[in-house]
Amino acid sequence: WHDPAIAGKAIVLPWPLGLDAETITSKGAIQTLSFIGSIYQYNFYRAFWLAQAQERGIPISFTRKTHDRDDGLPAMESYRRCIRALKRERYPLNFSMRRDGSRVYTSRGLEAIAVGCCLVQERNMDLHELYSPGRHYLEFDTIDDLHDIARFIEKNPEKADKIAREGQRFALEHYSDAKIVEKLERILWS
């Protein structure tokens, strides 16, 4: 985003959720780090992270799930169901590295912050354009970092929850659907 060819010509915003993040509720909560997702060729690094975490004894609730199956619901209801499941993850784990070594921010990370989870995110400089690690979410770059975060959450859940609340407050203040539309209108038609 800071490359001279792009700087000042690009708008860095999360995409709208299309629903009111504050109204999302779910029953129960996964109390440890959790990862719900899949492993494909384009994101196979997830397997390395999960294998190393298991070897180190880092507690991660892992549920394999794919998004390529039609659940028969209208699109927005299917999406709400997905967001409610994410909300159950008190400390969702998000991996950003892709096959070519690049790191991208994903909808999961943005949605987790917006619904009030304490996101645990693989280091991703693009996400720094929107949120601050340590203030709005927790960030790791090595397996040792991830281990430290797991211990931090275990010993200080109230501090992790405070980070989650601050992330959600910031998301609602700056990146709610209404704020995104307002900013786009101001940029495009002012």
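Right above here is the structure, for reference.
Here the structure is a predicted model, which means the values were calculated and not measured. (Residues numbered from 1 in each chain as written. Predicted model: local features only at pLDDT ≥ 70, side-chain atom pairs only at ≥ 80, totals over all residues. Heavy atoms only, no water.)

Student: Can you break down the overall build of the protein chain residue by residue, with the values?
Tutor: A count of helices and strands for the protein chain gives 7 helices and 5 strands. Listed N to C, the secondary structure of the protein chain is β-α-β-α-β-α-β-α-β-α-α-α in terms of helices and strands. For 190 residues, the compact-globule formula gives about 16 Å, and the C-alpha radius of gyration of the protein chain, at 17 Å, lands near that figure. C-alpha extents for the protein chain along the principal axes are approximately 55 × 40 × 35 Å. Per-residue burial over the protein chain gives 39% buried out of 190 residues. Sequence-distant contacts, at least 24 apart, represent 71% of the contacts inside the protein chain between residues at least 6 apart. Approximately 10800 Å² of the protein chain is accessible, and the part contributed by carbon and sulfur atoms is 53%. In the protein chain, 28 positive and 27 negative side-chain charges are present, and the distance between their average locations comes to 3 Å. (Helix = DSSP H or I, 4+ residues; strand = E, 2+ residues; numbered from the N terminus. Rg over C-alpha atoms; globule rule 2.2 N^0.38 Å. Buried < 20%, exposed > 50% of the residue type's maximum accessible area, 1.4 Å probe, protein only. Contact = heavy atoms within 4.5 Å. Areas by Shrake-Rupley, 256 points an atom, 1.4 Å probe, with all protein chains shown as cover. Lys, Arg positive; Asp, Glu negative; His and termini not counted. Charge placed at Lys NZ, Arg CZ, Asp CG, Glu CD.)

Student: Explain helix 5 (residues 143–155) to me, and be specific about the residues and the numbers.
Tutor: In this model, helix 5 (13 residues) spans 18 Å end to end at C-alpha, consistent with the 18 Å of a helix rising 1.5 Å per residue. Buried positions along helix 5 lie against strand 1 (30–37), helix 1 (45–56), strand 3 (89–94), strand 4 (120–122), strand 5 (138–140) and helix 6 (157–175). (Expected span 1.5 Å × (residues − 1).)

Student: Describe the pattern of salt bridges, listing the residues and the values that go with them.
Tutor: Evaluated as defined, the whole model comprises 13 salt bridges. Residue Arg 103 is joined to Glu 122 by a salt bridge in which the shortest nitrogen-to-oxygen separation is 3.7 Å. Here Arg 103, found in the loop between strand 3 and helix 3 (107–114), pairs with Glu 122, found in strand 4; they are 19 residues apart in sequence, far enough to count as distant. Linking Glu 182 and Arg 186 is a salt bridge whose minimum nitrogen-to-oxygen distance equals 3.6 Å. Here the residue Glu 182 and the residue Arg 186 both occupy positions in helix 7 (residues 177–189), the gap between them amounting to 4 residues, near one helical turn. (Salt bridge = Lys/Arg side-chain N within 4 Å of Asp/Glu carboxyl O.)

Student: I'd love a proper account of the sheet that holds strand 2 (residues 60–64), names of residues and values included.
Tutor: Read from one edge to the other, the open sheet built from 5 strands follows the order 2-1-3-4-5, with strand pairing classed as parallel. A single partner strand is all that each edge strand has here, and the edge strands are strand 2 and strand 5. Recorded for the sheet is a direction-independent mean angle of 25° between the axes of neighbouring strands. Judged from the 2 bridges that link them, strand 3 and strand 4 form a sheet pairing that is parallel. Among the inter-strand pairings, Asn 94 is bridged to a residue of strand 4, identified as Gln 121. Helix 1 contacts strand 1, strand 2, strand 4 and strand 5 of the sheet and is inclined by roughly 140° relative to strand 2. Lying over the sheet, helix 6 contacts strand 3 and strand 5, oriented at roughly 75° with respect to strand 3. (Pairing = 2+ DSSP bridges. Axes fitted to C-alpha atoms, helices over the stretch in contact; angles between N-to-C directions.)

Student: Lay out the side chain of Glu 89 with the relevant residues and their values.
Tutor: You can see Glu 89 is positioned in strand 3. Look at Glu 89 and you get buried, because its relative accessible area is 1%. For Glu 89, the side chain forms a polar contact with the side chain of Ser 34, separated by 2.8 Å. (Polar contact = N/O pair within 3.5 Å; in protein donor to acceptor, adjacent residues only side chain to side chain.)

Student: So, the packing of aromatic side chains: which residues are in play, and what are the values?
Tutor: This structure, assessed with the given rule, holds 12 aromatic pairs. An angle of 10° between the planes, with centres 5.9 Å apart, marks the rings of Phe 35 and Phe 62 as stacked. Taken together, the positions of Phe 35 in strand 1 and Phe 62 in strand 2 put the pair 27 residues apart, joining distant regions of the chain. What links up through ring pairs into an aromatic cluster is the set Phe 35, Trp 49, Phe 62, Phe 95 and Phe 140. (Phe/Tyr/Trp six-rings, centres within 6.5 Å; stacked < 30°, edge-to-face > 60°.)

Student: An account of the pairing of strand 1 is requested, with residue identities and associated values reported.
Tutor: Most of strand 1 sits out of view: 6 of its 8 residues are buried. One ladder, built from 3 bridges, connects strand 1 with strand 3; its direction is parallel. Bridge assignment links Leu 33 to a residue of strand 3, and that residue is Tyr 91. Relative to strand 2, strand 1 runs parallel, the two sharing 5 bridges. Looking at strand 2, one finds that Ile 36 is bridged to Thr 63. Once the chain exits strand 1 it traverses helix 1 before rejoining the sheet at strand 2, and the crossover so formed is right-handed. (Right-handed = clockwise from strand over helix to strand, strands pointing away.)

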